[in-house]
Structures are given as structure tokens and as C-alpha cells.
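# Understanding the architecture of this molecule
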Amino acid sequence: MIVRMAKIEVIGPKSLLDSVMGLIREMGLTQIEPSPCGFIEKEEERCITAFLPDEKTLRERFFLEDMLKRIKELLRVLPEIRPEKGMLSAVESGQFLEDISKVLSWSHRRAGELVAKKTGLKAEFEELKRYEEFLTAMASLLPYMKASPDVDFIGVTVKDASEIMFHLRALLSRLTEDRFEITSEELEDGTSACLISIPKAYSQAVRKALYSERVMELRLPESLAEKPFPEAVEIYSRRLMDIQREVDEADNELMRISTRWRPTFEACMRWIEERLLLISATSYVFETKRTFIICGWMPDEYVETLRERLDSEFSKSVVLEKKEIREEDMGRVPVTLKNPAYFQPFELFTRLLPLPKYTSYDPTVFVGIFFPVFFGMIFGDAGYGLILIAVAVFLYLKYRARRVISDASKILFISSINSIFFGVLYGEFFGDLGNKLFGMEPIYLERREAIIPLLFFALAVGLAHVIIGLLFGVVSAMRKKAASEAAAKGLYIVLVICIIILIASLAGIFPEFFSRPLLIIILILSPFLLFTGGLLAPLELLKTIGNIISYARIMAIGLTSVFLAFVANRIGGITGDIIVGILVGGLLHLINIVLGVFSPTIHSLRLHYVEFFSKFLEPGGRRYEPLKSPESISRRSTRD
Amino acid sequence: MEKVLIALAAALAIGLSALATAWAQSRIGSAGAGTLAEKPELSGTIIILVAIPETMVILGFVVATMILLMK
């Protein structure tokens, strides 16, 4: 059901505004209206202005916004710790805000330094890591080289060592007069790292020759470039360890800050968010010289509760007035749905639809009534129904805390009961197994044989459903005082019934003498339809007839389920072995159940969304968003 | 010969409508998948949109059944 809302106005002395807003937020029931339109009469508008916060409030707002920004930045970089609740009540009530702000400044600056340091160290670490494989290989080769101050080392990487080494040796021999050493080691990527040692006097010539031969010399990172090769390798390994240690130190210090201050900052952030919410909500308030005026909406049933709280807490100096909701207000009335326990799970389906307008209907009730019936009509099998009940009970018991699964299991339970009911009507228990095992006979009709009667049954259900939808459309149009729309919908009802009876008369289902008067009625009413519904009305009439024919899916999808069950039993039977037969038949029945749950659900919903709701439901309602603390909002969304 | 023609007519009724539904669902399905990546909250609308062309094959099935059973 769409909750009945009340249009309210709260008026009191300006000095009490903060406390009144606090109470409204605490109760979490009032949606404050930012526009005075519809609340404040034209002649009163001159002496009423939007509430302007004083300098103190503005200062507080800027201070809190800045603090919140800094806390959020800090919390992003501080490590998570196990939440501890204890001595935070003072923080949560907003005391010591100045002191916390000082600590925040220090923590924010220090954490920023540590994070910047960590970032630099990590970048250096990544840079050095790129040389790890080569330098590790070089370090293993160094003991084989004779180190002396006159010797220079050149590290190169070559792709095909066996081929290039020969040419490299010849080149070095020519350039250095055989005064060189070269050793190599294969790297993981298939290339080879070579270490060349030569007298320093030849360094320049060798480097130039290597470059012209396109042998890539390894350039060490900037910090090591000037060092002799053996020293560079040693510094490299030491630096890697140093970086790791420094990163660990920075992490430890961040953890210390987090352990000491994170709970405090989090509590402070919650308080600031609530306070800012209140301050920003205050900007929707109006004022006169001495009083404030809060305009808004709240559920009608709670108006008295709010009035009593205001009276008791402010000694009747704050007045709550309930105003009349006028026709022009209807588009602005916020919409919230509240249903009895039986219908609540079905909100799972209606949440997929846009919110209906305040003057329209809550679709949940209709889905709650018709969906299980359609599901049962399509998936009517007593055996399958029993299995689905067991599945629904299992899901409910296992996932009771998770709202979506819990709601789905309740819907499945109700739908399964309908499956059993229609299964008994159709005489189906795992297809024709019930008939074979204990002589179960259909009470109403056997779907496998009576396909045409089943089609007419489905179309009759469609006719009834669409007519109900159109009737609601008429009521809805009358509530909106849209007479021509109501008349057009009424005419659709009459014409659809006439056309259906006419077709039935011509097909020989009804006596033929009906056809002539019906034809005359249709011809007489058609111009009125054009007059009330416009030029597109005939098209709409055709669409309505198409909608009714669409209900043939109840028969068609139901039949696929029946035949699959029948095939499962037949294939199980022809195996000739009782165990294999049960296994094969059981597997096919299982597939049928899985398909059978999915398909009827989608098609039943589609019949509602497309064929039924299009006749009367008006989407576009304004969501009810009362002023409440962020914590209670997040608690509610967690439950959802 | 008459039986063959009746069977062919029924097969065409269901076959062509199934092809049409498959084509429409493939187009709507791929567009819907793209939409869901951007706006997951539209899942309900997408399911409905994907289910809409199934009317064609269901009507094809009904026509095929009527061809076979109401001769």
C-alpha cells in the first residue's frame, strides 16, 4: 500500500531551531520541503524568507567540512584496525572537537609524510627490481674476475650467446690486445648476461665498438651509475634491504597512529556528518522576523507522535500544523510503500519498477495476489510443488538473515502451494507418474490432452486480468478527475468484451444470433472511443486485445513443462533398469524443475509489468527521503 | 499430401516465429548487457525487454497447435 502522507508545517521561535531540527532528525520521519510552493500562501510570501545561517553557523560549517575532508583523507591512508567501542561517547557527542582538530592536523601531516616517503621508496624499489636478475647474475660472475683499480667492468645482455660470443671475443681481443676477460650466465627470459673486464685505458674504445655492433650495454640506475661495477652490485643489494626496512618502519608508524587515533577520528567523522546534515537541512527552513517555519511531509499516522514530542520537549512553544493536501500538491507528495506481512516479500519484484505516483496504486498487492496463481497455473504439478516447498523452507532457514533470499524463499513457498493446488486440478504428480503409481486423475482438465480448452482457459484468465487492470485505470482516472480518460478506459472494457463475444459467436462457441447486435454496439461505440481516447485509441484497443492473447503463454509454457515431465518418465521407463531409470528420470525432472521455476517467474512478471500494470499504474512517484542520521540510513541499507 | 502440408504449415508457424524471437532477443540482449554494465539498477526493465519478443514464438506455438488440432 502507498503510505498516507500528511503535509505539515512546524513553527517555533528561531532560538529553538537547532533543537527542533535535532528532534526531527532523531525521529527520522519528516521529509523537509525545500520549496515553499503549496505551503506558504501568496499573501504571506512577502514576510517569509529562506533561512539564512548566521556567521557562527557558517564558520562552524566551513570548519566541519574542512575537518571532515581531512579525516576522510587520513582514514584512506591509515590501515584498518578492529573497531573498538569504549570511551568514544564524548567524541560522538561533539565534545573536544578543537583538541581533536589539533591531533588531526598533526596526524594528517605525519601520515602524509609517511605515505609520500613510502611512495618514493616503492618507486625506487620497483626501479631497482628491474635490474635484479641481471645484477644477481653479475654478482655470481664477479668472483671469477680479477678486480683491481685499473680494471673496468662492462655488463651487456645478448640474445643468442652461442653465436655472438665468438664475435664478441674476436672484437675484444682486437681492441684490447687480448687483455680482457668475459664470462656469461643465462637469464630466465632466454637472453644471456655477460660481464666483460678490461683495462680502463680501453674502456672508451670498447664501449664505442659495442655500441656500433649493437650490443646493448646495461645502464645501471642513476644512483649507481657512477660507482665501480663490483661496488654497485654490493650497494644495490644493500639498498634493496634498506628500502624494505624503511617501508616497514613507515608502515609501523602508520599502524601506531591508526591504533591510537582511528576509532576517535571515525567517531568524530560520524558526528560531523550528522551535524553537517543538520546544518544543510536547515537551509531548507524558512523564517520570519522571530520564527522559523519548517515545511514538509511525513506519514499521517506519526503526526500525533511528533506533535506530542514537540509539546513535551519545547513546552508547547513549537507548533505543528497539519495542512490540507491540495490537488496541485499531488505531484509533490513523496511516496513510500508499506505492506502487510504477506505482501512484503513481493516488494522484491515491485522494486524493479519505478515508484508509482502518490495518486496511483502500490503494484505489490497485485503481484502478491496474481503472481502465485499464474505461477501455479503454468507450473501446476503436485510433485514439483512439494520439492519446491522443501527448497523454499531450506533457503529460508539457511539464509533468513539475507533479506533478498529470505523474500525469494517466501515467494517460492507461496507459489509452490499454488503449484500443488493446480497440480491436483490437472492431475499431475511428476507428470503422469502420479497416475501410474496411484491412479491420480485430473479434477479439472488434463493439460496434455486438452490443449485447446487450456488455451481458452488461459485467454479467459487474460481477459479477466486485463479487464481488472482497465477497471483500476477507470478508478485512477476518476481520482485524477480526468473524465475523458476514464470514459476511454470504460469504452475499452465494453468494446473488448463485445469483440471477444463476437469472435466466440462467429467461431460457434456462443450462439450466432449474438453477432449482429454486438457488431451494431461496436459500430456505435467506436466514434465515442475516438472522441474520448484520441486518434490513437483504435490502436490502443488492438493493443489491449493483443495483451489478452499474450496470456496464451500460460498454456504454452505450461505445456512445455508437462511434456518434459512426460518425456522424463518415458525415458526413465525405457531404460529397463529400476535404478538407472530413477536416475535418468530424476535428472530430467530436475532440469524441468529448474527451467520450470525460472520461466514461469519471468513470464508471470511480464504479464504483470507489460499487460496488467500498463492499464492503470502511473510511474514517476517522488521517493520519500526523510531527514535522518546517516548511521540509521546505512543501517537500513545494510538490512536491505 | 494434406498431412504433409498441415505439418509444414505448423512447422513454419513455430519455426519462423522462433527465428524472429531469437533475432529480436539477441539484439535486445546484447544492448541490455551493455546497459547493465552502465546502470545495474535497470535489471528489471532489461528482463522485461528481453521477455517481450517471446510473445511471437508463443503466438507461433498457439497457431501451430491450432493448425494441428483444429483442422
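Residues numbered from 1 in each chain as written. Chains lettered and ligands numbered in written order. Predicted model: local features only at pLDDT ≥ 70, side-chain atom pairs only at ≥ 80, totals over all residues.

## Examining the overall build of chain A
Spelled out, the test is: The way it works is that DSSP assigns letters per residue, a run of H or I at least four long becomes a helix, a run of E at least two long becomes a strand, and they are numbered from the N terminus. In this setup the radius of gyration rests on C-alpha atoms only. A globule is expected at 2.2 Å times the number of residues raised to 0.38. Exposed residues have 12 or fewer other C-beta atoms within 10 Å of their own C-beta, buried residues have 20 or more, and partly exposed residues fall in between, where C-beta atoms are placed from the backbone. A residue pair is marked as a contact if its C-beta atoms, positioned from the backbone, fall within 7 Å.
Tallying secondary structure elements over chain A gives 22 helices and twelve strands in all. Its C-alpha radius of gyration of 40 Å places chain A more than 25% over the 26 Å reference for a compact globule of 640 residues. Dimensions along the principal axes, computed over C-alpha positions, put chain A at roughly 125 × 90 × 50 Å. By residue count, 30% of the 640 residues in chain A fall in the buried class. Sequence-distant contacts in chain A: of pairs separated by 6 or more residues, those separated by 24 or more amount to 77%.

## Notes on the overall build of chain B
For chain B, the count of helices and strands is three helices and zero strands. Seen in sequence order, chain B has helices and strands lined up from the N terminus as α-α-α. Relative to its length of 71 residues, chain B is extended, with a C-alpha radius of gyration of 16 Å against a globular reference of 11 Å. Referenced to the eigenvectors of the C-alpha coordinate spread, the extents of chain B come out at roughly 55 × 15 × 5 Å. Within chain B, contacts between residues at least 6 apart in sequence are counted, and of these 73% link residues at least 24 apart.

## Observations concerning the packing of helix α16 (residues 451–479) of chain A against helix α20 (residues 552–574) of chain A
All names here are of chain A. The condition that has to hold: Between the N-to-C directions of two axes lies an angle of 0 to 180 degrees, each axis being a line fitted to C-alpha atoms and, for a helix, fitted only over the stretch in contact. An angle below 35 degrees is read as roughly parallel, one above 145 as roughly antiparallel, one from 65 to 115 as roughly perpendicular, and any other as oblique. Only Asp, Glu, Lys and Arg are considered charged, only Ala, Val, Leu, Ile, Met, Phe, Trp, Tyr, Cys and Pro nonpolar, and every remaining residue, Gly among them, polar.
Contact pair α16 / α20: the axes reach a minimum separation of 6 Å and the direction vectors enclose 140°. Classed by the angle they form, the pair α16 and α20 counts as oblique. Between α16, through I451, L454, L455, A458, L459 and V461, and α20, the contact on the second element is made entirely by A552, I554, M555 and L559. Its residues assigned to classes, the contact of α16 with α20 comprises ten nonpolar, no polar and no charged.

## Describing helix α2 (residues 55–77) of chain A
Our working rule: Every helix has an expected span of 1.5 Å times one less than the residues it contains.
For α2 of chain A, spanning 23 residues, the distance from its first C-alpha to its last is 34 Å, which sits close to the expected 33 Å at 1.5 Å a residue. By the burial criterion, the buried members of α2 of chain A are L64, M67, I71 and L74 of chain A.

## Here we look at the pairing of strand β5 (residues 181–186) of chain A
Residue and element names in this part refer to chain A. Note the cut-off: Two strands qualify as a pair provided that DSSP identifies no fewer than 2 bridges between them.
Pairing of β5 with strand β6 (residues 192–199) involves six bridges; the strand directions are antiparallel. Across the sheet, the residue bridging to E186 is S192, located in β6. If you look at the hairpin formed by β5 and β6, you'll find five residues sitting between the two strands, and G190 has a positive phi there, around 95°.

## With respect to the sheet that holds strand β7 (residues 216–217) of chain A
Residue and element names in this part refer to chain A. Overall, antiparallel pairing links the four strands, which are arranged β5-β6-β4-β7 in an open sheet. Strands at the two margins of the open sheet, each flanked by one partner only, are β5 and β7. As defined by bridge partners, strand β4 (residues 151–158) adjoins β7 across two bridges and the pair is classed as antiparallel. Following the sheet pairing, V156 is matched in β7 by E217. The strands touched by helix α6 (residues 161–176) are β4, β5 and β6; relative to β5, the strand with the most contacts, the crossing angle is about 160°. Where helix α7 (residues 203–212) meets the sheet, it contacts β4, β6 and β7, and its direction lies at approximately 10° from that of β4.

## A word on the packing of helix α1 (residues 2–38) of chain B against helix α2 (residues 43–51) of chain B
Residue and element names in this part refer to chain B. Between α1 and α2, the least distance of the axes is 9 Å, while the angle of their chain directions is 175°. As far as their axial angle goes, α2 and α1 are roughly antiparallel. Contacts between α1 and α2 involve Q25, I28, G29, G32, T35 and L36 from the former and S43, I46, L49 and V50 from the latter. Among the residues making up the contact of α1 with α2, the classes are represented as five nonpolar, five polar and no charged.

## A few points about the confidence of the model for chain B
Atomic detail in the predicted coordinates should be set aside for any region of low pLDDT. Residues and elements named next belong to chain B. Heads up, the condition is: Confidence of the predictor at the level of single residues is captured by pLDDT, which takes values from 0 to 100.
For chain B, per-residue confidence averages 88 on the pLDDT scale, and 99% of positions sit at 70 or higher. In the model of chain B, α2 stands out as the element of lowest mean pLDDT, 80, in contrast to α1, which has the highest, 93. Prediction confidence for the complex, expressed as pTM and ipTM, is 0.70 and 0.78 respectively.

## Here we look at the environment of K398 of chain A
Residue and element names in this part refer to chain A. Looking at where K398 falls in the secondary structure, it is placed in helix α13 (residues 382–398). Judged by C-beta crowding, with 12 C-beta atoms within 10 Å, K398 ranks as exposed. C-alpha of K398 to C-alpha of Y426: the two residues are 28 residues apart in sequence and 33 Å apart in space.

## Here's the deal with the nonpolar core
To be explicit about the condition: The nonpolar core is taken to be a set of buried Ala, Val, Leu, Ile, Met, Phe, Trp, Tyr and Cys residues joined by way of C-beta atoms within 7 Å.
Core analysis: the biggest nonpolar cluster contains 50 residues, and A552 and I554 of chain A have the highest contact counts within it. Elements supplying a minimum of two residues to this core: α12 (363–378), α13, α14 (403–426), α16, α17 (483–506), α20 and α21 (578–612) of chain A together with α3 (54–69) of chain B. Every residue in contact with I554 of chain A, bar those within four places of it in the chain, is listed here: F374, M377, I378, A458 and V461 of chain A. By size, the runner-up hydrophobic cluster in this structure holds 28 residues, among which are L29, V285, M298 and L355 of chain A.

## As for the interface of chain A and chain B
Every contact between the two is made by 15 residues of chain A and, on the other side, 14 residues of chain B. Mapped onto the side of chain A that touches chain B, the elements with two or more residues apiece are α16, α19 (537–550), α20 and α21 of chain A. The element that contributes the greatest number of residues to the side of chain A that touches chain B is α21 of chain A, accounting for five residues. Residues that form the side of chain A that touches chain B fall into these classes: eleven nonpolar, two polar and two charged.

## A short note on the environment of L607 of chain A
Residues and elements named next belong to chain A. Residue position: L607 is located in helix α21. What makes L607 buried here is the crowd of 25 C-beta atoms within 10 Å. Beyond its immediate chain neighbours, meaning those up to four positions away, L607 contacts F374, Y551 and F612.

## Observations regarding the confidence of the model for chain A
Overall, the prediction assigns chain A a mean pLDDT of 84, with 94% of residues at 70 or greater. Confidence drops under a pLDDT of 50 for residues 633–640 of chain A, and excluding neighbours within four residues, the segment shows three contacts in the predicted structure.

## Description of the pairing of β6 of chain A
Residue and element names in this part refer to chain A. Of all eight residues in β6, six are buried; the element is thus mostly enclosed. By the bridge criterion, eight bridges tie β4 to β6 in an arrangement that is antiparallel. Note on β6: the bridge partner recorded for V151 is P199.

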